[in-house]
Amino acid sequence: MSKDLQDIKTRKHVFDETIKTLERKDFKGLASLGIPNIDDAEEVHLEFTELSMADMRDADYIAKVTMNKEEFILHMEFETNYKSNKEMSKRMLRYYTYINWYEELPIYQVLIILKKPSISNIINGIQATVLNDEILNYKYKVIKAYDMDKNEILKDKKVVLYPLRVFMKNDKESDLEHIEECLKVVEELEDKDYYYLTVELSKRLYKEEVLEKYVKEDIYMASALYKEPYDRGKEEERVRLAKLIIKQLTKKFGLLSKDMRENIEKLDSYNLELIGEDIFDLNSLEEVEKYISQ
């Protein structure tokens, strides 16, 4: 394996930043996943780009939209690790209340599930009744990218969505043919960042040894994102998050062992974020080990 392909394998993958990069390239085009006719909007302005809660990752996409003379907040979350309806609906509700704290406009929420989950019955909100009175009827829109036709994306010519085609239906192709076709499409684009981003997103679906057969390292390295990695500075954020997780676990379970602290400090951002999302559902430190050992 060449050194450059080895770099592809060892370079830290930051999914959230990949989505943020697509957002920066064409935030209106990206919004078309949630609102297909977004091009009809009079105005779309990004808002709350650094919205963050201590034990949750930053919101993926938040914009203020004026459409048909109606003003509202568009909030989209992109998910590749859908584990449970309960966890996701609670997370979406927390985003809703936090956004609403700062902005009184109506909030249109869209959950975009990229990778097909193991559960089939996806719910889209929380309903609650007490003493026969409906006290909560909270809903959000769900988009299942894995059920979308990847060829329709090409017809619309929204280039910002091309990297996300790796998650879409490829019923008439093998996985290898699917990877090859998705890479071929972005390979021909002038902006090589889209090739880089397609490779990075593919890592959520396929093993490195599979991708190595199809990734053209000269194109991959031609991306400005490779030359000036977009996750530069993320190490400081990873360290901050690790310290926060250790503090929260200590508060919940008591003093952690030296080995436990050191293992948490070594975790990548993705697994640290997973612990942060699940921390209120953890019942013992033994349950934390699964994030360390995976």
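The structure under discussion appears in the preceding block.
For clarity, every value in this text was computed on a predicted model and none was experimentally measured. (Residues numbered from 1 in each chain as written. Predicted model: local features only at pLDDT ≥ 70, side-chain atom pairs only at ≥ 80, totals over all residues. Heavy atoms only, no water.)

Student: Can you break down the overall build of the chain residue by residue, with the values?
Tutor: What the chain contains, in helices and strands, is 14 helices and seven strands. Here the chain, with 294 residues, has 48% of them falling under the buried criterion. Nonlocal contacts in the chain, meaning residues at least 24 apart in sequence, comprise 65% of its contacts between residues at least 6 apart. Summed over all atoms, the accessible surface of the chain reaches about 15500 Å², with 48% contributed by carbon and sulfur. (Helix = DSSP H or I, 4+ residues; strand = E, 2+ residues; numbered from the N terminus. Buried < 20%, exposed > 50% of the residue type's maximum accessible area, 1.4 Å probe, protein only. Contact = heavy atoms within 4.5 Å. Areas by Shrake-Rupley, 256 points an atom, 1.4 Å probe, with all protein chains shown as cover.)

Student: Outline the packing of helix α6 (residues 175-187) against helix α7 (residues 193-202), supporting the account with residue identities and numerical values.
Tutor: Where α6 contacts α7, the axes come no closer than 8 Å and their chain directions differ by 160°. Between α6 and α7, the angle falls in the class roughly antiparallel. Read as a crossing pair, α6 and α7 show a hand that is right-handed. Residues Cys-182, Leu-183, Val-186 and Glu-187 of α6 form the contact with α7, whose participating residues are Tyr-194, Tyr-195, Thr-198 and Val-199. Partitioned by chemical class, the residues of the contact of α6 with α7 number six nonpolar, one polar and one charged. (Axes fitted to C-alpha atoms, helices over the stretch in contact; angles between N-to-C directions. Parallel < 35°, antiparallel > 145°, perpendicular 65-115°, else oblique. Left-handed = near helix turned anticlockwise from the far one by under 90°. Nonpolar A, V, L, I, M, F, W, Y, C, P; charged D, E, K, R; others polar.)

Student: Hey, could you go over helix α4 (residues 85-102) for me, with residue numbers and the actual values?
Tutor: The terminal C-alpha atoms of α4 lie 26 Å apart, and with 18 residues this matches the ideal 26 Å at 1.5 Å per residue to within 8%. What α4 keeps buried is the set Asn-85, Glu-87, Met-88, Ser-89, Arg-91, Met-92, Tyr-95 and Ile-99. Looking at the packing, one finds that the buried side of α4 touches β2 (61-67), β3 (70-79), β4 (107-113), β5 (125-130), β6 (133-139) and α13 (269-278). (Expected span 1.5 Å × (residues − 1).)

Student: Lay out α13 with the relevant residues and their values.
Tutor: Since the α-helix packs 3.6 residues into each turn, any two residues three or four apart lie on the same face. Among the ten residues of α13, nine are classified as buried, and the element is accordingly described as predominantly covered. All buried positions along α13 are accounted for by Ser-269, Asn-271, Leu-272, Glu-273, Leu-274, Ile-275, Gly-276, Glu-277 and Asp-278.

Student: Help me get a handle on the packing of aromatic side chains, residues and values and all.
Tutor: The final tally for this structure, using the stated rule, is five aromatic pairs. Ring geometry for Tyr-96 and Tyr-138: centres 5.8 Å apart, planes at 70°, overall edge-to-face. Here Tyr-138 lies in strand β6 and Tyr-96 lies in helix α4, a separation of 42 residues in the sequence. Residues Tyr-138 and Tyr-140 carry aromatic rings whose centres are separated by 5.7 Å and whose planes lie at 55° to one another, so their mutual orientation is tilted. You'll find Tyr-138 and Tyr-140 in the same group, each marked buried. By the ring-pair criterion, three or more aromatic residues cluster together here, those being Tyr-96, Tyr-138 and Tyr-140. If you follow Arg-204 out to its NZ or CZ, it ends over the ring of Tyr-270, 4.0 Å from the centre. (Phe/Tyr/Trp six-rings, centres within 6.5 Å; stacked < 30°, edge-to-face > 60°. Lys NZ or Arg CZ within 6 Å of the ring centre and 35° of its normal.)

Student: Please set out the side chain of Thr-198 residue by residue, giving values where relevant.
Tutor: Mapped onto the elements, Thr-198 comes out in helix α7. Of the residues examined, Thr-198 reaches a relative accessible area of 0% and is grouped as buried. Residues in contact with Thr-198, not counting those within four places in the same chain, are Pro-163, Val-166, Cys-182, Leu-183 and Val-186.

Student: Help me get a handle on the environment of Asp-149, residues and values and all.
Tutor: By the secondary structure assignment, Asp-149 is in the loop between β7 (141-144) and α5 (150-156). A sequence separation of 19 residues divides Asp-149 from Met-168, and the C-alpha atoms of the two residues are 6.2 Å apart. Not counting chain neighbours up to four residues away, the residues in contact with Asp-149 comprise Met-168 and Lys-169. At 2.9 Å, the side chain of Asp-149 and the backbone nitrogen of Asn-151 are in polar contact. (Polar contact = N/O pair within 3.5 Å; in protein donor to acceptor, adjacent residues only side chain to side chain.)

Student: So, the sheet that holds β7: which residues are in play, and what are the values?
Tutor: Pairing is mixed across the open sheet formed by five strands, whose spatial order is β1-β2-β3-β4-β7. Bordering the open sheet on either side are β1 (43-46) and β7, each of which pairs with just one other strand. Direction aside, the axes of adjacent strands within the sheet are offset by 25° on average. For β1 and β2, the ladder comprises four bridges, and the chain directions are antiparallel. When the sheet's bridge partners are listed, His-45 is paired in β2 with Lys-64. (Pairing = 2+ DSSP bridges.)

Coordinates in, geometry out; function isn't part of it.
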